[in-house]
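# Analysis of the macromolecular model
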Amino acid sequence: MSPARPSSVSARVVLGIGCVSIGLLLVPRWLCGREADRYFDGDLETQDALARSVARSVGSQSGRHFYHTKSTRFDGQSAIAIYQMTIMGLAQIILQHPERRDAYLGAMDRAAEHLVDPKTLDYAASVYGQHGLNRLDTTQGHAYLGYINLALGMLRAVDGSTRFAALHDRLSAALAERLKRAPNGLIETYPGETWPPDVAAVAGSVGLHARVTGVDRRALLDAWAKRFAACAVSRSGYLVQRVRTGSCVPADAPRGSGTAVAAYFIGFAAPELAAQLQSALRREGERSLLGFSAIREYAPGYAGRGDTNAGPVLFGVSVGATGFALGAARLHGDRELYRNLFRTLYLFGVPADIRGERTFAIGGTLGNALLLAMLTARRP
Amino acid sequence: MRRRRAGPGLSALTLCLTLVVHWILGRVLASSDVLARVLVGRDVLTVLLVVATLGIRLFLYLVAPGWALFVLARSSCVRAVWARAAASRERGQTQAR
């Protein structure tokens, strides 16, 4: 006699749906979120594994540029971003774990040397006639200098006697003056191009300089924040990505990537405005499923295909906005958003641990440097 | 009967193989700058590797846990039903004697 059939088709289907549901609801969020709190709480071992990988990758670069595409603008800007974010990430770890100072300082100094070399962003010289570092007394915008100055500020926060201190003082004073004179709180990045997220970097760098040197620029930055918010922050709370030079007329939509990176940068200069941007990301931008979150690139009512700032846009959310929002979330102590975003990063970033170093395999040098700064974001 | 016994083993083997392939692909991608290869070299192979790795990760992290749970639960049910059937058969034989 053969035993009764152990389960009917319908019982198997019910069992299958139940198991898959339990598996989907509980396991992926746990598997992908295990490290989130360790990064958020500043666990040294966790942060250090990524830091060593980024420092080695940047240090082993022979030339100034990491990418050699046909666009000198992209090649220069990506190099600036890599050096800047490497310095910021390493400095942020040192601020939390001063015992790592000696291990990172050499790599930071080398990155700063490339950062202040006008040849790294020769695109700026090609459109302006000369790089902004070669002529600080100009009335032109050169807002890309904000990225360089932010990194110098972070370097100085952990190394008061850095050889770049005098340049940092001069550059901060020049940029502060340009912000003061800007009627709408906006200055150009390149001739005819005004990008509010770049201006956020400029303001953040001036605020960071004030924090690390004690120079009082509170009044200037408060007044700037009001003009900037009135001109470039949309009704949704998202920051307009680009405006027509000399006006507040949007030349692009309010975008998540710009809003998120600005929430991080402005956190060094005008914490209240930064908190407003961060809350807009949470309110209007966060898209969540099964404990995994991502940030929508375009504010409600807008659509588009993104650009190099946003990275790929899929189902309305972008890689750039999601990555930068990690930094904004940590800077503003938003653990829940950080955790949810981290799960997405873990799932799609393909983390690989090789010889004690952590690399997000999908990110390349640029992505890993950005992630180092965002995952460890903090104020001095 | 044989096929039922092979079920969980085959599932476990599939999962292990997928894990190994995933581990290898992760290392291959991490060994070079993916962005450089895609942006500069327009490297189709790298794009395919990225797509394959992401597909495998989606399977491993989203589908595999539920699937493994289903295979375990089903094999436990089968074992329980078979044990009950064997016990009742034994009882029947004892009573017949």
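Higher on the page you've got the structure.
Rules and cut-offs
Along each chain, the written sequence defines residue order, and numbers are assigned to residues from 1. The order in which chains are written sets their letters, starting at A; the order in which ligands are written sets their numbers, starting at 1. In keeping with the model being predicted, local features are shown solely for residues with a pLDDT of at least 70 and side-chain atom pairs are shown and tallied solely at 80 or more, while totals for entire chains, interfaces and linings include all residues. For the side-chain quantities, the full set of heavy atoms in the structure was used; hydrogens and water were omitted. Going along the chain from the N terminus, every DSSP run of H or I of four or more residues is numbered as a helix, and every run of E of two or more is numbered as a strand. This radius of gyration counts C-alpha atoms alone. The globule rule is 2.2 Å times how many residues there are, raised to the power 0.38. What makes a patch is a set of residues exposed beyond 30% relative accessible area and free of salt bridges, joined within 9 Å when like-charged and within 5 Å when nonpolar (Val, Leu, Ile, Met, Phe, Trp, Tyr). Per-residue and other accessible areas follow the Shrake-Rupley method at a 1.4 Å probe size, with only the shown protein chains counted as cover for residues. Salt bridge criterion: a side-chain nitrogen from Lys or Arg within 4 Å of a carboxyl oxygen from Asp or Glu. Residue contacts are defined here by distance: any two heavy atoms, one from each residue, within 4.5 Å place the two residues in contact. The term buried area refers to how much accessible surface (probe radius 1.4 Å) is lost by two components on association, counted for both of them together. Contacts described as polar in this section are N or O atom pairs within 3.5 Å, which, within protein, must combine one atom able to donate a hydrogen with one able to accept it, while residues neighboring in sequence count only if both atoms come from side chains. Summary of the burial criterion: residues with accessible area below 20% of their type's maximum are buried, those above 50% are exposed, and those between are partly exposed, where the area comes from a 1.4 Å probe applied to protein chains only. When DSSP locates at least two bridges between a pair of strands, those strands are taken to pair. Two cysteine sulfur atoms form a disulfide, by the criterion used here, when they sit within 2.5 Å.

For chain B, the count of helices and strands is three helices and zero strands. Listing each helix as α and each strand as β along chain B from the N terminus yields α-α-α. For 97 residues, the compact-globule estimate of 2.2 N^0.38 gives 13 Å, and chain B exceeds it by more than 25% at 23 Å. Seen through its C-alpha atoms, chain B measures out along the principal axes to roughly 85 × 20 × 15 Å.

Moving on: a nonpolar patch on the surface. On the surface, A:Ile22, A:Leu25, A:Leu26 and B:Leu69 cluster together into a nonpolar patch covering about 360 Å² of accessible area. Looking at the nonpolar patch element by element, the count peaks at three residues for helix H1 (residues 9-33) of chain A. If you trace the backbone, A:Leu26 turns up in helix H1.

Let us look at the interface of chain B and chain A. Contacts between the two partners involve 29 residues from chain B, matched on the other side by 36 residues from chain A. For the pair chain B and chain A, the summed buried area comes to about 2,800 Å², and 76% of that belongs to carbon and sulfur atoms. By the criterion of area lost to chain A, the three top residues of chain B are B:Arg57, B:Tyr61 and B:Leu62, representing 20% of everything that side buries. Taken together, chain B and chain A are joined by zero salt bridges. For the interface between chain B and chain A, the tally reads five residue pairs in polar contact (both at pLDDT 80 or more). For the side of chain B that touches chain A, the element with the most residues is helix H3 (residues 44-96) of chain B, which contributes 18 residues.

All names here are of chain A. In strand E6 (residues 357-360), alternate side chains face the same way, and those of Glu357 and Thr359 on one face and Arg358 and Phe360 on the other are all buried. Inspection of the sheet shows strand E5 (residues 351-354) paired to E6 by four bridges, in the antiparallel sense. Directly across from isoleucine 354, in E6, lies its bridge partner glutamate 357. The hairpin turn running from E5 into E6, its antiparallel successor, is two residues long, and arginine 355 in that turn takes a positive phi close to 50°.

Before going further, it helps to spend a moment on the state of the cysteines. On inspection of all chains with the given rule, the structure shows one disulfide over all chains. The partner cysteine of A:Cys231 in its disulfide is A:Cys248, sulfur to sulfur 2.0 Å. Handedness here is read from the sign of the S-S torsion; for A:Cys231 and A:Cys248, about -120°, the answer is left-handed. Of this pair, A:Cys231 sits in helix H10 (residues 218-232) while A:Cys248 sits in the loop between H10 and helix H11 (256-265); the two residues are 17 residues apart in sequence, bridging distant segments of the chain. We classify A:Cys248 as partly exposed; its relative accessible area is 33%. Cysteine A:Cys19 shares no disulfide, and the gap to the nearest cysteine sulfur, in B:Cys77, comes to 8.6 Å. The thiol sulfur of B:Cys16 is not disulfide-bonded, and the nearest other cysteine sulfur, from A:Cys32, lies at 19 Å. With relative accessibility at 44%, the residue B:Cys16 sits in the partly exposed group.

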